[in-house]
Amino acid sequence: QLLNQNIVYFSKVRTPIKQAFTEAVRECMKFFKATPDEATQIALIETLRTVTEGKIHVEIERVRLTKLLAEIQESRGDIAAACKTLQEIQIETVGSLDKRERAHFLLEQIRLCFDHGDFIRGAILARKVNLKTLEEDSFKDLKVKFYQEMVRQHTHNAKHLETCRAYLNLAETKDYPETDACEAVARACLYLLLAPYEIEQDQLMRRCRALKRTTHATRDVLGIFLGNELIGWTEFCAKYQSDLQQTHVFCPASDPEGKLWETLRDRVMEHDIRSISWFYSNIHLARMAQLLNLTEAECETALSRVVVSKMVYARIDRPAGIVTFEKPCEPTEVLAEWSSDVDTLLAKLGHTCHLIAKERMLDNLRQNE
């Protein structure tokens, strides 16, 4: 208590020498191990944090004190207080701090936000991380930690494509253990199957299929989704369900309610609807439901979801029960296409007339000779 009083008194001197004050704070920080109990240690930390507040020449010491206090609060199980304590520091403004220590502090802020359940604030903090810095050799461990936190964030938000990217970045980290890298690639491929269809997802699926760490079974599943043939949910379950539900992504521990398995079923249905749209311009709704092994109501719901997400174009004629996949052309498009066809026809006709005239001239020359 006397030490705390002297620290406060010294900080209130009218014009204290900055270097002397900095050395005094550093010397006081050495007394942490000599404190008799945790309460005394916390009181000393709070005193030092109070006297260093707003002073640039001791900002590094204040950052380290704040981190130490957050660690104590976390060890006591008070995650909310630890998270709030770390948020008091705007670490990106502490320019005198070492780059690695600054990155580590920022990752701790992100981790505590996720542990506290504040994924929105954690996502905001994650945008402050300089990804180019993480690519340096001395930051390999921090890169692994960052992408592990990104996996937590994207898994919580059900952003499966982003989860896949995070796992791939983990696998591509230099000196990352080979077994862990293979597992990361396997999980990336499975989360890629759960992502909605788009051009980027299709390209990433082809890239993952070409990776050396991708197993043959995973390549087969990716090849099915990359093909144009109907998959069929019943046939897919009969062939792959037992193996997939043993993986980390679909096991009961990770997916107790079966939401991810239902998402995979939706992706299979979406793929089959796209396949039907490639081969049919018109099809009866009953026949389409038969191909998808669904009732007509379920088929219409699945088709509506795919159309709303703009994966395919389709219109349903309910009285006739016919689904049309061919998009009608606008009058301007029809006119432009007709004009282009006429121009092409006239160009070919002109070329043909030129060739005929050329042959006639050559024939006349031969007869004159």
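This text follows the structure it describes.
Remember, it's a predicted structure, so these values are computed and weren't measured experimentally.

Rules of the game
Residues numbered from 1 in each chain as written. Predicted model: local features only at pLDDT ≥ 70, side-chain atom pairs only at ≥ 80, totals over all residues. Heavy atoms only, no water. Patch = residues over 30% accessible without salt bridge, like charges linked within 9 Å, V, L, I, M, F, W, Y side chains within 5 Å. Areas by Shrake-Rupley, 256 points an atom, 1.4 Å probe, with all protein chains shown as cover. Salt bridge = Lys/Arg side-chain N within 4 Å of Asp/Glu carboxyl O. Lys, Arg positive; Asp, Glu negative; His and termini not counted. Charge placed at Lys NZ, Arg CZ, Asp CG, Glu CD. Helix = DSSP H or I, 4+ residues; strand = E, 2+ residues; numbered from the N terminus. Buried < 20%, exposed > 50% of the residue type's maximum accessible area, 1.4 Å probe, protein only. Contact = heavy atoms within 4.5 Å. Expected span 1.5 Å × (residues − 1). Arc of directions from axis to C-beta. Axes fitted to C-alpha atoms, helices over the stretch in contact; angles between N-to-C directions. Left-handed = near helix turned anticlockwise from the far one by under 90°. Nonpolar A, V, L, I, M, F, W, Y, C, P; charged D, E, K, R; others polar.

Peer 1: Quick question: what am I supposed to make of a negative patch on the surface here?
Peer 2: On the surface, a cluster of negative charge is contributed by E330, E333, E337, D341 and D343. Checked against the element boundaries, E333 lands in helix α18 (residues 331–368).

Peer 1: Sorry if this is basic, but what is going on with the pattern of salt bridges here?
Peer 2: Summed over all chains, the structure comprises 26 salt bridges. With a closest N to O distance of 3.0 Å, D202 and R206 form a salt bridge. Here the residue D202 and the residue R206 both occupy positions in helix α12 (residues 199–209), the gap between them amounting to 4 residues, near one helical turn. Since its relative accessible area comes to 47%, R206 is described here as partly exposed. Across the salt bridge formed by R305 and D266, the nearest N and O atoms sit 3.7 Å from each other. Remark: D266 occurs in helix α15 (residues 259–279) and R305 occurs in helix α17 (residues 296–308); sequence separation between them is 39 residues.

Peer 1: Would you explain the side chain of E59 in this entry?
Peer 2: With respect to the helices and strands, E59 occurs in helix α4 (residues 59–75). Buried and unpaired, E59 has R102 as its nearest opposite-charge partner, separated by 8.1 Å. Not counting the four nearest positions on each side in its chain, E59 is found in contact with V94, G95 and S96.

Peer 1: Can you walk me through α17 in this structure?
Peer 2: Residues spaced three or four apart along an α-helix face the same direction, because each turn holds 3.6 residues. For α17, spanning 13 residues, the distance from its first C-alpha to its last is 18 Å, which sits close to the expected 18 Å at 1.5 Å a residue. Of all the positions in α17, only C299, E300, A302, L303 and V306 are classed as buried. Along the axis of α17, the buried residues cluster in a sector spanning 165°; they form a single face. Exposed residues pointing more than 90 degrees away from the buried face of α17 are listed as A297 and V308. In the stretch just after α17, K310 is the one whose phi turns positive, near 65°.

Peer 1: Would you take a moment to explain the packing of helix α14 (residues 233–244) against α15 for this structure?
Peer 2: Each pair of packed helices can be summarised by the angle the axes make with each other and by the distance between the axes. The interhelical angle for the contact between α14 and α15, taken along N-to-C directions, is 145°, at an axis separation of 12 Å. Relative to α15, the crossing made by α14 is right-handed. Residues W233, F236, C237, Q241 and L244 of α14 touch α15, and the partners they reach there are W261, L264, R265, V268 and M269. Across the contact of α14 with α15, the residue classes break down as 8 nonpolar, 1 polar and 1 charged.

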